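Descriptive structure summary
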Amino acid sequence: MTGEEIILSGAWTQVAGTVIAAVGETLLVKDSGAGSPGYRLVSIGNGFEAAGNSLQGVGSLQIFDGSEAEWLRTIGEWVQASGNATNVVAAELQFSGEETEGLKLDVVGDSIQATGLGFEAYGAGLSQLRYKDLLAAGNTVQAIGAIIEGIGENFILKGKRELGLQITAFGSYGQAAGATMAAIALTKEFGGV
């Protein structure tokens, strides 16, 4: 596979992961007790996201042109993957009944994701890509979604469970929307490969 094909595979794998995680977060609004299948879906979804970001990182390294824009985007992809991996562990902790520890770790993972997405958005804005505006917007929307998720998790930690779960679910759909926007931009950019 070419670097561009690997990037596209990763982008759409990430989209699938955000959708799976969003479905899991929606289930948690109804049932967020230990053993809830929502946690397992959040874990699986974040695993897909981590794999997708890693694929994008590998593909970006293959087509790396030495520019600051590509350097920032590539760093962002790997940072975001580490945030997703953190969220997998957090969801598994919550699934097993260690809710407070899992929520605290979830906030860390969402913060790492948002940081990585910030690098990606900034790098996209500096790039020479034809669809850089859509890519930067998608990364930005996804970063905002991760931040909203972290806010929701903080509400849960402060005892405002119902509101926090709703905010977290809303943020997860923001991540899905942003990931889809970015994947569309990359498909338009590299789709003729």
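See above for the structure.
All values reported here derive from a predicted model rather than from experimental measurement.

Cut-offs and rules
Residues numbered from 1 in each chain as written. Predicted model: local features only at pLDDT ≥ 70, side-chain atom pairs only at ≥ 80, totals over all residues. Heavy atoms only, no water. Patch = residues over 30% accessible without salt bridge, like charges linked within 9 Å, V, L, I, M, F, W, Y side chains within 5 Å. Areas by Shrake-Rupley, 256 points an atom, 1.4 Å probe, with all protein chains shown as cover. Salt bridge = Lys/Arg side-chain N within 4 Å of Asp/Glu carboxyl O. Helix = DSSP H or I, 4+ residues; strand = E, 2+ residues; numbered from the N terminus. 1 Å grid on protein atoms, 1.4 Å probe; cavity = no way out; pocket = protein on both sides within 12 Å on 5 of 7 lines; lining within 4 Å. Points joined across faces, edges and corners; volume = space filled by probe spheres on them. Nonpolar A, V, L, I, M, F, W, Y, C, P; charged D, E, K, R; others polar. Core = buried A, V, L, I, M, F, W, Y, C linked by side-chain atoms within 4.5 Å. Buried < 20%, exposed > 50% of the residue type's maximum accessible area, 1.4 Å probe, protein only. Contact = heavy atoms within 4.5 Å. Axes fitted to C-alpha atoms, helices over the stretch in contact; angles between N-to-C directions. Parallel < 35°, antiparallel > 145°, perpendicular 65-115°, else oblique. Left-handed = near helix turned anticlockwise from the far one by under 90°. Polar contact = N/O pair within 3.5 Å; in protein donor to acceptor, adjacent residues only side chain to side chain.

Once that is clear, we can look at a nonpolar patch on the surface. Together, Val19, Val23, Leu27 and Tyr173 make up a nonpolar patch on the protein surface, roughly 330 Å² of accessible area in all. Of the residues forming the nonpolar patch, the biggest block, three residues, is contributed by helix H1 (residues 3-30). Its location among the elements puts Tyr173 in helix H6 (residues 161-190).

Moving on, we come to the layout of surface pockets. Here the largest pocket is characterised by a volume of approximately 160 Å³. Ile63, Asp65, Ser67, Ala69, Glu70, Leu126, Ser127, Gln128, Leu129 and Phe190 are the residues that line the largest pocket. Broken down by class, the residue content of the lining of the largest pocket amounts to five nonpolar, three polar and two charged.

Counting residues in each nonpolar core, the largest one holds 14 residues, and the members touching the most others are Leu135, Leu186 and Phe190. At the level of elements, H1, helix H5 (132-157) and H6 are the ones that each hand at least two residues to this core. Considering each element in turn, this core owes the most residues, six residues, to H6. What Leu135 contacts, discounting residues up to four positions off in sequence, is Arg73, Ala124, Leu129, Ala182, Ala185 and Leu186. Membership of the second largest hydrophobic core comes to seven residues, among which are Leu28, Tyr39, Ala91 and Ile156.

Okay, the packing of H1 against helix H2 (residues 37-62) next. Between H1 and H2, the shortest axis-to-axis distance is 7 Å and the interhelical angle comes to 165 degrees. Accordingly, the angle class assigned to the pair H1 and H2 is roughly antiparallel. When the axes of H1 and H2 are compared, the crossing they make is left-handed. The class makeup of the residues in the contact of H1 with H2 is 15 nonpolar, 17 polar and two charged.

Residue placement: Ser172 occurs in helix H6. Ser172 gets classed as buried once you look at its relative accessible area, which sits at 2%. In this structure the side chain of Ser172 is engaged in a polar contact, spanning 2.6 Å, whose partner is the backbone oxygen of Ala169. In contact with Ser172, not counting residues within four places along its chain, are Thr18, Ala22, Glu25 and Glu149.

For the rest of this paragraph, the subject is the environment of Gln166. Position of Gln166 among the secondary structure elements: in helix H6. When its relative accessible area of 41% is taken as the criterion, Gln166 is described as partly exposed.

Attention now goes to empty space enclosed by the protein. Take a probe with the size of a water molecule and roll it over the atoms, and the empty space left behind shows itself. Scanning the entire structure with this criterion turns up three cavities of 30 Å³ or more. Within this model, the largest cavity holds a volume of roughly 110 Å³. Contributing to the lining of the largest cavity are 14 residues, with Glu25, Leu28, Tyr39, Gln94 and Asp106 lying nearest its centre. Within the residue set of the lining of the largest cavity, elements represented by two or more residues are H1, H2, helix H3 (68-95), helix H4 (99-126), H5 and H6. When the residues that make up the lining of the largest cavity are grouped by side-chain class, the tally is seven nonpolar, two polar and five charged. Here the second largest cavity defines a volume of roughly 80 Å³.

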